[in-house]
Amino acid sequence: MTSNDRSAFEAFLTDLYGDAITAEHRLVLWTAADKRSSWCSSIEGAGDVYERMSPATDLYYGVCLQDHDDALEERRRRNRDDSATLLYARGYANTTAVVPGVWLDVDVAGSGHEKKGLPASQAEADRILSALPLDPTWIVETGGGTHVYWLFREPYVIEEASERDRLAAIVRGWQQ
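Conventions used here
Residues numbered from 1 in each chain as written. Predicted model: local features only at pLDDT ≥ 70, side-chain atom pairs only at ≥ 80, totals over all residues. Heavy atoms only, no water. Helix = DSSP H or I, 4+ residues; strand = E, 2+ residues; numbered from the N terminus. Rg over C-alpha atoms; globule rule 2.2 N^0.38 Å. Buried < 20%, exposed > 50% of the residue type's maximum accessible area, 1.4 Å probe, protein only. Contact = heavy atoms within 4.5 Å. Areas by Shrake-Rupley, 256 points an atom, 1.4 Å probe, with all protein chains shown as cover. Lys, Arg positive; Asp, Glu negative; His and termini not counted. Charge placed at Lys NZ, Arg CZ, Asp CG, Glu CD. Core = buried A, V, L, I, M, F, W, Y, C linked by side-chain atoms within 4.5 Å. Pairing = 2+ DSSP bridges.

Focus on the overall build of the chain
1) Next: Secondary structure assignment for the chain yields 5 helices and 7 strands.
2) Next: Ordered by position from the N terminus, the helices and strands of the chain form the series α-β-β-α-β-β-α-β-α-β-β-α.
3) Next: Scaling as 2.2 N^0.38, a compact globule of 176 residues should have a C-alpha radius of gyration of about 16 Å, and the chain matches this with 17 Å.
4) Next: With respect to the principal axes defined by its C-alpha atoms, the chain has extents near 50 × 40 × 30 Å.
5) Next: Each of the 176 residues in the chain was classed as buried or not, and the buried ones make up 40%.
6) Next: Once local pairs closer than 6 in sequence are excluded, the contacts in the chain between residues at least 24 apart make up 64%.
7) Next: When the accessible surface of the chain is totalled, it reaches about 10600 Å², and 47% of it is carbon and sulfur.
8) Next: Between the centroid of the 18 positive side chains of the chain and the centroid of its 29 negative side chains there is a distance of 7 Å.

Concerning the environment of Gly-143
1) Next: Mapped onto the elements, Gly-143 comes out in the loop between β6 (138–141) and β7 (145–157).
2) Next: Considered as a pair, Gly-143 and Thr-14 are 129 residues apart in the sequence and their alpha carbons are 22 Å apart.

As for the nonpolar core
1) Next: Residues Leu-13, Tyr-17, Leu-27, Leu-29, Tyr-61 and Tyr-149 are the most contacted members of the largest nonpolar core, which totals 35 residues.
2) Next: Breaking this core down by element, the ones donating at least two residues are α1 (3–17), β1 (25–31), α2 (43–53), β5 (96–107), α4 (122–130), β7 and α5 (161–175).
3) Next: Sorting elements by how many residues they give to this core places β5 first, with 7 residues.
4) Next: Each residue touching Leu-13, except ones within four places of it in the same chain, is listed here: Gly-18, Leu-27, Ile-43 and Ala-46.

Some words on the pairing of β6
1) Next: Direction of pairing for β6 relative to β7: antiparallel, over a ladder of 4 bridges. Each residue of the ladder has a partner; that of Glu-141, found in β7, is Thr-146.
2) Next: Taken together, β6 and the strand that follows it, β7, pair antiparallel across an intervening segment of 3 residues, in which Gly-143 is found at a positive phi of about 100°.

Structure, rendered in structure tokens:
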């Protein structure tokens, strides 16, 4: 890996979240290989995880930032264990704290995906996307499809549960 890879990763996160990644509102990164999560409180911290983990395995991220303390409390509640940690947790819908926009994960049928009914090729996926009423802000090729983003002018910081519910309904509706 080169420093350009890390720089590109950090630039992507800056464009997506601005300065919304904080100790309270964390970016969750995890690996496919060991399912361990890293709860990053800065873009530089996420860059450190990227440098350490991405050469060895696929690295994934949660699009929405998580309220760290609420997620830890939720993890402990679900596990009925006061010593539970966030090492294997990605966050929860009810602990979402910041939403950068709406998105789609458009997988293409192939050996990497078990789901049925996926587009048979990237060309077919591209035709589906071109039929949508709004042009996306970004299209990111993933190797097994694309991630497509329609970003808000700035990341939306959730202050009340009703806002979270409204945003969840918007994202679900767009994805359907």
